[in-house]
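Architecture and fold: a report
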Amino acid sequence: MKQLLFILLAMLVPSIAFASDAAHQTIDLTAHWIGYAAIAIFVLAYTLVILEEQLHLRKSKPVLLAAGLIWILIAYYYGAHGMPHAAEVAIRHNFLEYAELFFFLLVAMTYINAMLERNVFDALRDWLVAKGFSYKALFWLTGILAFFISPIADNLTTALIMCAVVLAVGKDEPKFIALSCINIVVGANAGGAFSPFGDITTLMVWQKGMVQFTEFFALFIPSVVNFVIPAFIMQFAITSGKPTATSSQMTPIKHGGLTIVGLFILTIATAVSFHNFLHLPPVFGMMLGLAYLKLFGYYIKKSGNSKVDISLTPGHKNQDEKHQDDKEFDIFDKIAGAEWDTLFFFYGVILAVGGLGFIGYLGMASEFMYGELGATNANILVGILSAIVDNIPVMFAVLTMNPDMSHAQWLLVTLTAGVGGSLLSIGSAAGVALMGQARGYYTFFSHLKWTPVIALGYAASIYVHILINGT
């Protein structure tokens, strides 16, 4: 039990590797009261993150506070021992890593919000609902779409869109909704594992240069296996027949919606090109892509098609109010609509975990996990921990540990961190979001019932990866 607790804490506390600068050598504080206090602060903050749904406390708030307190302790100690600039150098290193991630995600979220406002995803949802598919067909369609959309739109957004489809057609079949939500979570997480844009963890691996853009596609077949095996087994529990036909009106895609989809794909290509050909960080390519969207937003406004007819949306009270409720397309509204709680959560996690790492826990964790357990066992454990804690701090820990392992092992840890969160409903952002969206249908225990089946897919995907890509 003590070893398991040690592994869990050690995985959450990476250290930051500095250039060989004698003036900024680190001091081992792992056995000092500051180290213990910092761990206690982080564990308390992360406990509040886990209880977010029960406490209705945004997850960014406790980790922002924890990050500040941990670095205050570090700065105080180093300042008292004649090294006042050591903490400054360390925190700047952490902040630079966060800044790259922040602007990359901000651009991606802005594009997603623009597509949402242009009704791109609503049109897809209404098309699926209107087609009159059977329950089993919808189970497979929503899962497959989640698998293939998440590599581009990220697993959280994809899961929410597909869940909206399931809720719209399965009102009379609670079991269908529960099983479909599980399938969507597994599909979205599996699809996100073979693309740098599918999950925060894959994005971090790509930005660190551990795996090149095209090399992620080596995880495609293991990801398919991870999704298909649980889906194949769960389909036998799906109700036969078709949902009751609905008379819902098809939502039209607004002017420029499909063009924005194309610009997003172009932005991704730009980011990849910056990284592969110009050897510049991908975030600079994403920022150039934001310029594409800004200029196109200017065109939409000038072309006279910027008005949004809110009266045509379902539930609007008065048709005569349509001109009253018009709203111009403004790209800054899309930026403001980004998931700021998530972005600030990443800041808190990276800074807090980086601070704990600076205290000195990395050596012990790396030696035990990648020395005694071996790279394969350690990377499998990373996936299991991702289901309990969260894959972001766990992957950040592995990246800052930077263990000496083969390229196939870096692919393995990318896979396990991406799909391991599917083992529990609380193990991924997609699962947590769907518990809120499909409240009463998709719960922790409805997901837990199928965890053995999902674990079978997890084990099979690892076996297939080793078979195809080696160790």
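Note that the coordinates shown come from a computational prediction; the quantities given were computed from them, not determined experimentally.

Turning next to helix α20 (residues 429-437). Residues that lie three or four places apart on an α-helix share one face, since the helix turns once every 3.6 residues. Among all positions in α20, only Ala430, Gly431, Leu434 and Met435 are buried. Taken around the axis of α20, the buried residues stretch over an arc of 135°, which confines them to a single face. The secondary structure elements touched by the buried residues of α20 are α8 (155-169), α9 (174-192) and α21 (444-448).

One finds Phe176, Trp206 and Tyr370 to be the most contacted residues of the largest nonpolar core, which totals 141 residues. Among the elements that make up this core, the one with the highest residue count is helix α5 (residues 86-117) (16 residues).

Here helix α4 (residues 60-80) crosses α5 at 150°, and the two axes come no closer than 8 Å. Between α4 and α5, the interaxial angle falls into the category roughly antiparallel. Along its contact with α4, which presents Trp71, Ile74, Ala75 and Tyr78, the element α5 presents Ala86, Ala87, Ala90, Ile91 and Asn94. Residue classes in the contact of α4 with α5 are distributed as 8 nonpolar, 1 polar and no charged.

For Thr267, the location among the structural elements is in helix α12 (residues 257-276). Sequence-distant contacts of Thr267, defined by excluding residues within four places in its chain, comprise Val107, Tyr111, Gly285, Met286, Gly289 and Tyr292.

With that out of the way, let us pick up the confidence of the model for the chain. When the pLDDT values of the chain are averaged, the result is 81; 87% of them are 70 or greater. When the criterion is pLDDT under 50, residues 1-23 qualifies, and its contacts beyond four places in sequence or with other chains add up to 57 contacts. Here residues 306-326 scores under 50 on pLDDT; set against residues more than four positions off or in separate chains, the count is 26 contacts.

In this section: the packing of aromatic side chains. Aromatic ring pairs: the centre-centre distance and the angle between the two ring planes describe each pair. Scanning the model with the defined rule gives 32 aromatic pairs in all. Pairing Phe102 with Phe103 gives two aromatic rings, centres 5.0 Å apart and planes at 85°, and the pair type is edge-to-face. For Phe102, a relative accessible area of 12% corresponds to the buried category. Ring geometry for Phe197 against Phe213: centres 6.2 Å apart, planes inclined by 70°, an arrangement best described as edge-to-face. Pair noted here: Phe197 is in the loop between α9 and α10 (200-207) and Phe213 is in the loop between α10 and α11 (220-234), with a separation of 16 residues, a long-range link.

The rules behind the values
Residues numbered from 1 in each chain as written. Predicted model: local features only at pLDDT ≥ 70, side-chain atom pairs only at ≥ 80, totals over all residues. Heavy atoms only, no water. Buried < 20%, exposed > 50% of the residue type's maximum accessible area, 1.4 Å probe, protein only. Helix = DSSP H or I, 4+ residues; strand = E, 2+ residues; numbered from the N terminus. Arc of directions from axis to C-beta. Contact = heavy atoms within 4.5 Å. Core = buried A, V, L, I, M, F, W, Y, C linked by side-chain atoms within 4.5 Å. Axes fitted to C-alpha atoms, helices over the stretch in contact; angles between N-to-C directions. Parallel < 35°, antiparallel > 145°, perpendicular 65-115°, else oblique. Nonpolar A, V, L, I, M, F, W, Y, C, P; charged D, E, K, R; others polar. pLDDT = per-residue confidence, 0-100. Phe/Tyr/Trp six-rings, centres within 6.5 Å; stacked < 30°, edge-to-face > 60°.

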